[in-house]
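# Chain and residue survey
Each chain, letter by letter, is given below.
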Amino acid sequence: MTLSQSAVSDLLDALRAGDGVDLVRESVRMVLQELIETEATQTIGAARYERTPGRVTERNGTRPKLVTTKGGDVTVALPKQRQGSFFPSILEPRRRIDQALYAVVMEAYVHGVSTRSVDDLVVALGGTGISKSEVSRICAGLDESVGAFRTRRLDHARFPYVFVDATYLHVRTEAAMVVSKAVVIATGVTEHGRREILGLDVGDSWGYLPLAGADEVFWRAFLAGLKKRGLTGVQLVISDQHAGLVAALTRVFQGSAHQRCRVHNIGNVLAHVPKAETEMVAAVFRTIFAQPDLASMARQWDKVRDDLAGRYPKTGPLMDHAKSEVLAFAAFPREHWRKIWSTNPLERLNKEIKRRSRVVGIFPNEAAVIRLIGAVLADTHDEWQVDERRYLSEGSMAKLYPSSDTETVALEEGDR
């Protein structure tokens, strides 16, 4: 990028003046401002005060934006538009995640639970000598933002598909013990085919046995919280076989089906097969899902079950118990099958969570987990909202609501 003549002149004037001017910070500010102006010109189709045939909107003043850089905090002016919105890519749309990571790392640092890698990151972030009060100030702002996101209303649309998954992080307790905590995440697909983040909570770490107990109480409270915020229209819940979840679903979402993740279920079956034969058995198992309808899948399931149970007896009871839940997806539109028969759509989200949390290692408390993971989810939610492509087409979603207005919209789209 080449700086404009006016920007170069301003920079030279600042360098000549010198007195009372932080030259590094001012240089950073000017370069950032020039980058922002250049991108705004490309977005609008015209420079300031310029009229061109390709201009798509007009400028409407500016708004200040405080930006933290390695050269210090600088304030830049973000151009506003009369139609649409503009946010420069140079300022990182995922800034909220970086702020949350910074806050969590610093909180761990000031509480003396950091590792060498965290120490290095603190220095890289310019956090040398940061005070506890400064960390508290940063955390308070993030907690307010994440809290508002976690408690927002969900009654703006129906959510026929809800995905629930858990990942596990290490957290330090008040007794200074390090324990594994389950971070539970719920996402959903609206009646219009768009994805949203629905909820986040932290609980004790459980196994995967289909038992009801204290873990059911947690799941019930989590799911009931989603309903209290306005979640409606749930037809299918997709999850792994987390302990207590199925029992909680029957109480909170009566009438909703449960789809057990087929990928995890295959893994459970393969655990009882000799390692040398797992590839062959997996291929046989996949023939079930190659069938064209539910009836054909059910017949193929029984055939595969009998064949496997004859060679590996422990697989028989597993497949008997899982059949109805693993095949639940087949009662829904065929166009949705690959998106709803497993929790794989959440894998990318879980990878981002793991990538961010790996830097922290051990979280100082549960609040820090909510702060960081909540920021990751909030930014992901924002990205989903502006994505031009729907997760599931509106035409296919209309098949879930044959008597609704959605059908009319879908038919009109199909006629184009």
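Reading the values: the criteria
Residues numbered from 1 in each chain as written. Predicted model: local features only at pLDDT ≥ 70, side-chain atom pairs only at ≥ 80, totals over all residues. Heavy atoms only, no water. Salt bridge = Lys/Arg side-chain N within 4 Å of Asp/Glu carboxyl O. Helix = DSSP H or I, 4+ residues; strand = E, 2+ residues; numbered from the N terminus. Buried < 20%, exposed > 50% of the residue type's maximum accessible area, 1.4 Å probe, protein only. pLDDT = per-residue confidence, 0-100. Contact = heavy atoms within 4.5 Å. Core = buried A, V, L, I, M, F, W, Y, C linked by side-chain atoms within 4.5 Å. Arc of directions from axis to C-beta. Axes fitted to C-alpha atoms, helices over the stretch in contact; angles between N-to-C directions. Parallel < 35°, antiparallel > 145°, perpendicular 65-115°, else oblique. Left-handed = near helix turned anticlockwise from the far one by under 90°. Nonpolar A, V, L, I, M, F, W, Y, C, P; charged D, E, K, R; others polar. Pairing = 2+ DSSP bridges. Polar contact = N/O pair within 3.5 Å; in protein donor to acceptor, adjacent residues only side chain to side chain. Phe/Tyr/Trp six-rings, centres within 6.5 Å; stacked < 30°, edge-to-face > 60°. Lys NZ or Arg CZ within 6 Å of the ring centre and 35° of its normal.

The subject of this paragraph is the pattern of salt bridges. What the rule picks out here adds up to 21 salt bridges. Salt-bridge contacts for Glu366 lead to Lys181; the nearest nitrogen and oxygen are separated by 3.0 Å. Of the two residues, Glu366 is situated in helix α14 (residues 366-386) and Lys181 in strand β4 (residues 178-189); the sequence distance between them amounts to 185 residues. A relative accessible area of 11% places Lys181 in the buried class. For Asp320, the salt bridge identified is with Arg305, shortest N-O distance 3.0 Å. Linking Asp320 in helix α11 (residues 315-326) with Arg305 in helix α10 (residues 294-311), this pair joins segments that are 15 residues apart in sequence. A residue is classified by how much of its surface remains accessible, and Asp320, at 47% relative accessible area, is partly exposed. Look at Arg305 and you get partly exposed, because its relative accessible area is 22%. Residues joined by salt bridges that share partners form a network here, namely Arg55, Glu58 and Arg82.

Our next topic: the confidence of the model for the chain. Chain-level statistics for the chain give a pLDDT mean of 80 and a share of 76% at 70 or above. Contacts for the low-pLDDT stretch residues 109-113, under 50 throughout, to residues beyond four places or in other chains number nine contacts. Of the regions scoring below 50 in pLDDT, residues 207-212 engages in 16 contacts with residues more than four places distant in sequence or in other chains.

Quick look at the nonpolar core now. Across soluble globular proteins, nonpolar side chains have a tendency to be buried as a group. Membership of the largest hydrophobic core comes to 58 residues, with the highest contact counts inside it found for Tyr161, Phe285, Ile288, Phe289, Phe329, Ile373 and Leu377. Sorting elements by how many residues they give to this core places α14 first, with nine residues. Apart from residues lying up to four places away in sequence, Ile373 is in contact with Leu169, Val183, Leu200 and Ile353. Ala166, Phe218, Leu223 and Leu245 belong to the second largest nonpolar core, which has 21 residues in total.

Turning next to helix α8 (residues 262-270). All of the buried residues in α8 are Arg262, Asn265, Ile266, Val269 and Leu270. For α8, the arc enclosing every buried residue in end-on projection is 140 degrees, short of the 170-degree limit, so these residues lie on one face. Packed against the buried residues of α8 are β7 (257-260), α9 (278-286), α10 and α11.

Here the focus is helix α7 (residues 245-252). Looking at α7, one finds that the buried residues are Leu245, Ala248, Leu249 and Val252. Looking straight down α7, one finds its buried side chains confined to an arc of 105 degrees; they lie on one side.

Attention now goes to the packing of α10 against α11. Each pair of packed helices can be summarised by the angle the axes make with each other and by the distance between the axes. The N-to-C vectors of α10 and α11 enclose an angle of 165 degrees; their axes lie 9 Å apart at closest approach. As summarised for this structure, α10 and α11 are arranged roughly antiparallel, according to the angle between their axes. For α10 against α11, the interelement crossing comes out right-handed. Two secondary-structure elements touch here, α10 through Ala298, Trp301, Asp302, Val304, Arg305, Leu308 and Ala309 and α11 through Thr315, Gly316, Met319, Asp320, Ala322, Lys323 and Val326. Here the contact of α10 with α11 is composed, by residue class, of eight nonpolar, two polar and four charged.

To continue, consider the pairing of β4. Of all 12 residues that make up β4, nine are buried, and the element is covered over most of its length. Both strand β3 (residues 161-172) and β4 contribute to a ladder of 12 bridges, which runs antiparallel. From the neighbouring strand, Val162 faces β4, where its bridge partner is Gly188. With nine bridges joining them, β4 and strand β5 (residues 195-204) adopt antiparallel strand pairing.

As a further point, take the packing of α8 against α9. Taken N-terminus to C-terminus, the directions of α8 and α9 make an angle of 135 degrees; their axes are 10 Å apart at the nearest point. Comparing the axis directions of α8 and α9 gives the class oblique. Every pair of crossing elements has a handedness; the one defined by α8 and α9 is right-handed. Facing Asn265, Ile266, Val269 and Leu270 of α8, the residues of α9 in contact are Thr278, Val281, Ala282 and Phe285.

Once that is clear, we can look at the side chain of Gln259. Relative to the elements of secondary structure, Gln259 occurs in strand β7. A polar contact of 3.3 Å, which involves the side chain of Gln259, links it to the backbone nitrogen of Ala328. With near-sequence residues (within four places) excluded, Gln259 lies in contact with Leu236, Val237, Ile238, Ser239, Glu325, Val326, Leu327, Ala328, Phe329, Ile340 and Trp341.

By the definition in use, this model includes 10 aromatic pairs. The interplanar angle of 75 degrees and the centroid separation of 5.9 Å between the aromatic rings of Phe218 and Trp219 together place this pair among those described as edge-to-face. When the ring of Phe329 is compared with that of Trp341, the centres are 5.3 Å apart and the planes differ by 90 degrees; the resulting orientation is edge-to-face. Linking Phe329 in the loop between α11 and α12 (337-340) with Trp341 in the loop between α12 and α13 (347-360), this pair joins segments that are 12 residues apart in sequence. By way of ring pairs, the aromatic residues Phe285, Phe289, Trp301, Phe329, Trp337 and Trp341 are connected into one cluster. The ring of Tyr401 has Arg158 sitting right over it, with the charged end atom 4.1 Å from the ring centre. Across the ring face of Trp341, the terminal group of Arg262 is positioned such that the distance to the ring centre comes to 3.9 Å.

In terms of residue burial, β3 counts as a mostly covered element, since nine of its 12 residues are buried. Between β3 and β4, which pair antiparallel and follow one another directly, the connecting turn spans five residues, one of which, Ala176, has a positive phi of 70 degrees. As paired strands, β3 and strand β6 (residues 236-239) are joined by four bridges and run parallel to one another. Bridge assignment links Val162 to a residue of β6, and that residue is Val237. Both β3 and strand β8 (residues 362-363) contribute to a ladder of two bridges, which runs parallel.

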